[in-house]
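Results of the structural survey
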Amino acid sequence: MAASSNRVDRESDLHLSSDLLADHPLPTWIINSDNRIIRYANKAARQLSDADPVGQPLTGFLTPDSSNIFLDRYATGIAVDGIYQLASGKTIELFSAQFEIENTTLLQVSAVDITSRSAAQQQLEDDRRRYRAYIENSSEGIFCQEFINPVPVDLDIEELITHCRKNSYVSECNDAMAVMYGYEKAEELRGALTEQLIHFDDPANIQYLTNFFSNGFRIVNAESHEKDRNGNSKYFLNNAVGIIEDGMLKRVWGSQRDITEAKEAESRLKESEDRFREVADSAPVMIWMSDENNNIVYLNKKWVDFTGKNVNEFGPRGWMSLVHMADLKKAKESYDAAFRQREQIVLVYRLKHRDGTYKFVHDVSVPRFLGDGTFVGYIGSLVDIEDQKQKEKQLLYQATILENVSDIIITTDLGFRIRNWNKVAEKVYNLNEQEAMGRLMNEIIQFEYSGTTLEQALVDLHRDGIWKGEVRFTDDKGKERYFLHTVKYICDEAGHNIGFLDVGRDITDRKKIEQKLLKSEEFYRALFADSLDGILLMNEEGIITFSSPSVSRVLGYGVDEILGRNAFDFVHNEDLSWAFESFRREVSENPEIKFIVVRLLKKNGDWLWCNVRGHNMLDNPAVNRIVVYFHDDTLRKQAREALKESEERFRSLIRDLQTGVFLADQEGNIIMCNRALGQMLSIPEDVVVGKNVYDIMSNDMIDETGHQVPREKRPLTQTLKHKITVKDRVVGVLHPVTRERCWIMVNSNPIMDAQGNIRHVVCSVMDITERKKIEQKLITGQLNHQRQLTQATIDGQEKERREIGKELHDNIGQQLTTIKLFLDMAKTSADMQGVEMISLAVKGVNDVINEIRSISRNLVPHTLKDLGLVDSVSELVESISRMQLLNIEFQSTGFDETYLQENQKLTLFRIIQEQLNNIVKHSEASNILLRLRSNPTEVMLDIRDDGQGFDPKVMRKGLGFANIQNRVELFGGRSEIRSKPGNGCVLKVIMPLTVD
């Protein structure tokens, strides 16, 4: 319970509370706070006391000891929560909450019957007492912050902070914590509201509470700013954890340490550092500090402004990363050595500026020690000496220039006695420095002055302090040389004249060029006068300020007759707007040179067609005008009219052609076509024009062999790409409207410009679909005739095979069998030598009989008709494997010979037989894979071997391959042989089940 001075108002209604508490499982009383008389007791409370307690003091139901404890706690203003003994012998634990109704303070007390607590619970209570003893004797402040009303944990942060401020108080604490707040005992602090202790207007405290709530109601080593009982500021380091029950925050346990002195020391140190930083940032030099481990800990503003880098922006190498690579090694070695010896070090190196350049700096670094001699790091100051270095470099550069410039440089005293004489002067005047020093200038050389005299030059020099002019002299080789001399006073630091500086530049070549230029100017003046073009210079208003003499040849005017007049006075009225617009664009500094054709007025009153072009040279200080060139364009005008007439004739000619003709640009866009092309495409002419050829013609274009023609192989593409003429190219396309296959013959011709580039392509297109259909009928008839001949030939061969096989089997086989019988009979009556000879003869006859049977079986495969193709091939494979010691794998899964004609079966058998014989004779193979497959429309045969292979391009096809191809083509099939030397051979055959 909070102290009476710290009561919290809580609006409620006693009757409503009674209704709510009536069936509560915990015994609950509501008592008057001033006299402890029970005003309400729920059902559970009545059962606990075995009597009606209303109107009685609550202490009347407790044992005397428990009653005293209750009264002591109540009198000291702390919560009455705790464990008590009832007079009935039961043990209860009380929980209380205080509230007010109509200015009457009430106390709600609830009890938990813990009479039957187990030994483990008793042990827990003992532990709690020990823990409390630890808390009371701890040097850290231990506290428990209770919430008058438990707080839902799902509130937002602001609501949680409000509850913490208005709805919480210190329910438990030890003496150590009380001392921190200026109290002597914990009892004095208990019951204090949270808002009495914490500065809620301090943003740091709000952040502390925000972190606590957002971190799952737990925080470690967090600082808070609070105040003691006297209002003094205090700083604490807190550890706290919230107790959550049923989604409600009920209390917060924590510990805290007083860090006020440390914060004040930190503040004083910060104030000292701030003063140091203020002084350092105001210093005109760069200042840096490092700690005892050589880590940079401070850089002043001048350093940051210079380098653009702060302390936390260095890489692994620290400040050394800003030192120029050429200076890095020396600077690092010197600094490291001084650091180890704790000595002062002075360095000069180049440091990287924020703009990326390197500048020279002078770095003085001294070690820092505390009063007890403890080394705490270095402090250094840097001065930018780039200007000094540049001046040194400039002086060296100037000295070098004096010795290496191409000008004569001489210095004299006021009496023109030589004090300095550079290398160029030695070379020009053929006199070394030792010979010239101390002599007068006019003793060494005599000049001829251009446009003045020596006396006048001296007057100008004394009056103006400088003289500049051209001089001429003849050198020791008799060659005339021209120089531009500049003579001026030399002053000391006080501004007094102490001598003269004479700079002479050889302008001999320039003078010669000027002479040539003069001749060139005369040449060009004559060229302008005889030019076929009229040339005018005009200002921005079109006023003529210059006219070449050639204008008279074109228009008949004299130069004086047109100077000062406006050029547009000579332009025909119908051409005036065009001419004025072109001139305006040229004046607006459009660099493009434009050509226009307009009529200009001649002096005799006639109008002359002229080609006019302008050139804006207003920005050229030598001209500062618009230059206009014009010439008689009558002949070109006539040629253009003739060309237009020719073009009309051309258009009329192609319009009536029966062959489709179109004109395309470089991108394949049709810019003109005739009527025949539109009829051929079933598209009007005006719709065709403007479309791209590749948009009209589908991508499905084939050649006469049926192969697709890629875009890059099409006639128009080849002409555009290779600038060649394509003639009589026959291709098949899909009609853009009917989508039927059409055959066309295309001719494509390029039209080139003067530079050899394609301007247009003329294409003619002839529809030859009907002709192709007739040709196809003829070819089909020829193929059918050829098939019939081939079939007759094969039938004849098969008949001949059957006759030969029958003859071998029926006649020769029977005769050999008879011979064998005779030999067997002769063997019974022969002597030993005769028996041996007869046995050999019998063996030979047996071999011949077996060979004849084999030949007969190959010629007439009797199993083909009886057993079918698969069994016949299996017997053939077994026979060859046995005789040739070959591994032949025959696969027929997925093969159905039901719909095969007998002659097709025979053809497939002969192809297999032929190819296996080829492999046995030529391939030296060890393994053969033979596979038969079929689908509803086709039969597929593959024969592969791992033999030595061959090059199909080099190896001439023998009779065997020719027989295979003929047999396949007879049934409308196709065959393919693939082989490479060393990679075996593959034969692929595809044959349709039915033939048209």
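See above for the structure.
Quick summary incoming for the structure in this document. (Residues numbered from 1 in each chain as written. Predicted model: local features only at pLDDT ≥ 70, side-chain atom pairs only at ≥ 80, totals over all residues. Heavy atoms only, no water.)

Observations regarding the overall build of the protein chain
Of the regular secondary structure elements, the protein chain holds 31 helices and 36 strands. Across the 996 residues of the protein chain, 39% fall into the buried class. For the protein chain, the proportion of contacts with a sequence separation of at least 24, taken over those separated by at least 6, is 47%. For the protein chain, the accessible surface area stands at approximately 58600 Å², while carbon and sulfur atoms represent 51% of it. (Helix = DSSP H or I, 4+ residues; strand = E, 2+ residues; numbered from the N terminus. Buried < 20%, exposed > 50% of the residue type's maximum accessible area, 1.4 Å probe, protein only. Contact = heavy atoms within 4.5 Å. Areas by Shrake-Rupley, 256 points an atom, 1.4 Å probe, with all protein chains shown as cover.)

Things to note about the packing of aromatic side chains
Summed over the entire model, instances satisfying the criterion amount to 23 aromatic pairs. Arranged with centres 5.6 Å apart and planes meeting at 50 degrees, the rings of tyrosine 429 and phenylalanine 473 form a pair that is tilted. Here tyrosine 429 is found in helix 13 (residues 423-429), whereas its partner phenylalanine 473 is found in strand 19 (residues 466-474), with 44 residues between them in sequence. By the burial criterion, tyrosine 429 is buried, and phenylalanine 473 matches it. Site record: aromatic cluster; members linked through ring pairs are Trp421, Tyr429, Phe447, Tyr449, Trp467, Phe473 and Phe483. The cationic tip of arginine 342 hangs over the ring face of phenylalanine 375; the distance from NZ or CZ to the ring centre is 3.9 Å. Taking NZ or CZ as reference, arginine 613 lies 4.5 Å from the ring centre of tyrosine 629, over its face. (Phe/Tyr/Trp six-rings, centres within 6.5 Å; stacked < 30°, edge-to-face > 60°. Lys NZ or Arg CZ within 6 Å of the ring centre and 35° of its normal.)

Some words on the sheet that holds strand 34 (residues 938-945)
The strand order across the open sheet formed by five strands is 32-33-34-36-35, and the pairing between neighbours is mixed. Lying at the two open borders of the sheet, with one neighbouring strand each, are strand 32 (887-891) and strand 35 (974-979). Going across the sheet, the axis of each strand differs from the next one's by a mean of 10 degrees, ignoring polarity. Bridge analysis of strand 35 against strand 36 (residues 985-992) gives six bridges, and the strand direction is antiparallel. Looking at the pairing, serine 975 lines up with valine 989 of strand 36. Along the sheet, helix 30 (residues 902-923) contacts strand 33 (927-934), strand 34 and strand 36; its crossing angle with strand 34, the most-contacted strand, is approximately 10 degrees. (Pairing = 2+ DSSP bridges. Axes fitted to C-alpha atoms, helices over the stretch in contact; angles between N-to-C directions.)

Some thoughts on the environment of aspartate 23
Its place among the elements puts aspartate 23 in the loop between helix 1 (14-21) and strand 1 (28-32). Here the alpha-carbon distance between aspartate 23 and lysine 43, two residues 20 residues apart in the chain, equals 6.6 Å.

Quick notes on the sheet that holds strand 6 (residues 141-152)
Taking strand neighbours across the sheet as the criterion, the five strands line up as 7-6-10-9-8 in an open arrangement whose pairing is antiparallel. The open sheet terminates on both sides in strands that have one partner only, identified here as strand 7 (168-173) and strand 8 (218-227). Between one strand axis and the next, the sheet turns by 35 degrees as a mean value, whatever way the strands run. The pairing of strand 6 with strand 10 (residues 248-258) spans eight bridges and is classified as antiparallel. Paired with isoleucine 142 across the strands is serine 255, a residue of strand 10. Most of the contacts of helix 5 (residues 157-166) go to strand 6, to which it runs at about 115 degrees, and overall it touches strand 6 and strand 7. The strands touched by helix 8 (residues 203-214) are strand 8, strand 9 (233-245) and strand 10; relative to strand 8, the strand with the most contacts, the crossing angle is about 155 degrees.

Regarding helix 25 (residues 715-722)
Within the sequence span of helix 25, burial applies to Pro715, Leu716, Thr717, Gln718 and Thr719. Next to the buried residues of helix 25 lie helix 24 (693-696), strand 29 (726-734), strand 30 (741-752) and strand 31 (758-767). Remark: lysine 723 follows helix 25 within two positions and exhibits a positive phi of approximately 60 degrees.

As for helix 16 (residues 454-464)
Listing the buried residues of helix 16 in full gives Ala457, Asp460 and Leu461. For helix 16, the angular spread of the buried residues around the axis is 100 degrees, confining them to a single face. Set apart from the buried face of helix 16 by more than 90 degrees, the exposed residues are Glu455, His462 and Arg463. Tucked inside the fold, the buried residues of helix 16 contact strand 18 (448-449), strand 19, strand 20 (480-491) and strand 21 (497-506). Where helix 16 terminates, the next one or two residues include glycine 465, which has phi positive at roughly 80 degrees. (Arc of directions from axis to C-beta.)

A few points about the packing of helix 5 against helix 8
Interhelical geometry of helix 5 versus helix 8 gives an angle of 115 degrees and a closest axis separation of 10 Å. When the interaxial angle is binned, helix 5 and helix 8 end up roughly perpendicular. The interaxial crossing formed by helix 5 with helix 8 has right-handed handedness. Across from Ile157, Leu160, Ile161 and Cys164 in helix 5, the residues of helix 8 making contact are Ile206, Leu209, Thr210, Phe213 and Ser214. Split by residue class, the contact of helix 5 with helix 8 holds seven nonpolar, two polar and no charged. (Parallel < 35°, antiparallel > 145°, perpendicular 65-115°, else oblique. Left-handed = near helix turned anticlockwise from the far one by under 90°. Nonpolar A, V, L, I, M, F, W, Y, C, P; charged D, E, K, R; others polar.)

Section: the nonpolar core
One finds Leu869, Ile912, Leu930, Leu941 and Ile943 to be the most contacted residues of the largest nonpolar core, which totals 34 residues. Contributing elements (two or more residues each) for this core: helix 29 (869-884), helix 30, strand 33, strand 34, helix 31 (959-970) and strand 36. Those residues in contact with isoleucine 912 that lie beyond four places of it in its chain are Val873, Leu876, Leu930, Leu941 and Ile943. (Core = buried A, V, L, I, M, F, W, Y, C linked by side-chain atoms within 4.5 Å.)

So, unusual backbone geometry
Positive phi outside glycine occurs at asparagine 221, with the angle close to 50 degrees. Structurally, asparagine 221 is set in strand 8. With a phi close to 65 degrees, arginine 739 is a non-glycine residue in the positive phi region. Note that arginine 739 resides in the loop between strand 29 and strand 30. Looking at arginine 739, the relative accessible area reads 46%, which means it is partly exposed.

Re the pattern of salt bridges
A side chain with one charge may pair with a side chain of the opposite charge, provided their charged atoms come close. In total, this model carries 34 salt bridges according to the counting rule given. Put simply, glutamate 172 and arginine 190 hold a salt bridge, and the shortest N to O gap is 3.8 Å. With glutamate 172 in strand 7 and arginine 190 in the loop between helix 7 (186-189) and helix 8, the pair connects residues that are 18 residues apart, well separated along the chain. Given a relative accessible area of 14%, arginine 190 falls into the buried group. (Salt bridge = Lys/Arg side-chain N within 4 Å of Asp/Glu carboxyl O.)

Structural notes on the pairing of strand 30
Every regular strand shows the same layout, with side chains that alternate between the two sheet faces. Here strand 29 pairs with strand 30 via seven bridges, running antiparallel. Paired with arginine 729 across the strands is valine 746, a residue of strand 30. The hairpin turn running from strand 29 into strand 30, its antiparallel successor, is six residues long, and arginine 739 in that turn takes a positive phi close to 65 degrees. With nine bridges connecting them, strand 30 and strand 31 associate as antiparallel partners. Bridging across to strand 31, proline 750 finds its partner in valine 761. Linking strand 30 to strand 31, which pair antiparallel, is a turn of five residues; within it glycine 756 sits at a positive phi near 85 degrees.

Details of a positive patch on the surface
On the surface, a cluster of positive charge is made up of Lys477, Lys479, Lys512 and Lys516. In this fold, lysine 516 is placed in helix 17 (residues 508-529). (Patch = residues over 30% accessible without salt bridge, like charges linked within 9 Å, V, L, I, M, F, W, Y side chains within 5 Å. Lys, Arg positive; Asp, Glu negative; His and termini not counted. Charge placed at Lys NZ, Arg CZ, Asp CG, Glu CD.)

Comments concerning the environment of arginine 190
When the C-alpha atoms of arginine 190 and glutamate 172 are compared, they prove to be 6.0 Å apart, with 18 residues separating the residues in sequence. A polar atom in the side chain of arginine 190 sits 3.1 Å from the backbone oxygen of cysteine 173. (Polar contact = N/O pair within 3.5 Å; in protein donor to acceptor, adjacent residues only side chain to side chain.)

Things to note about the environment of methionine 538
Summarising the element assignment, methionine 538 is placed in strand 22 (residues 534-538). Accessibility expressed as a relative area gives 4% for methionine 538, which makes it buried. Residues methionine 538 and valine 628 lie 90 residues apart in sequence; the distance between their C-alpha atoms is 7.7 Å. If we skip the residues at most four places from it in the chain, methionine 538 touches Ile543, Ile544, Thr545, Ala567, Phe583, Arg625, Ile626 and Val628.

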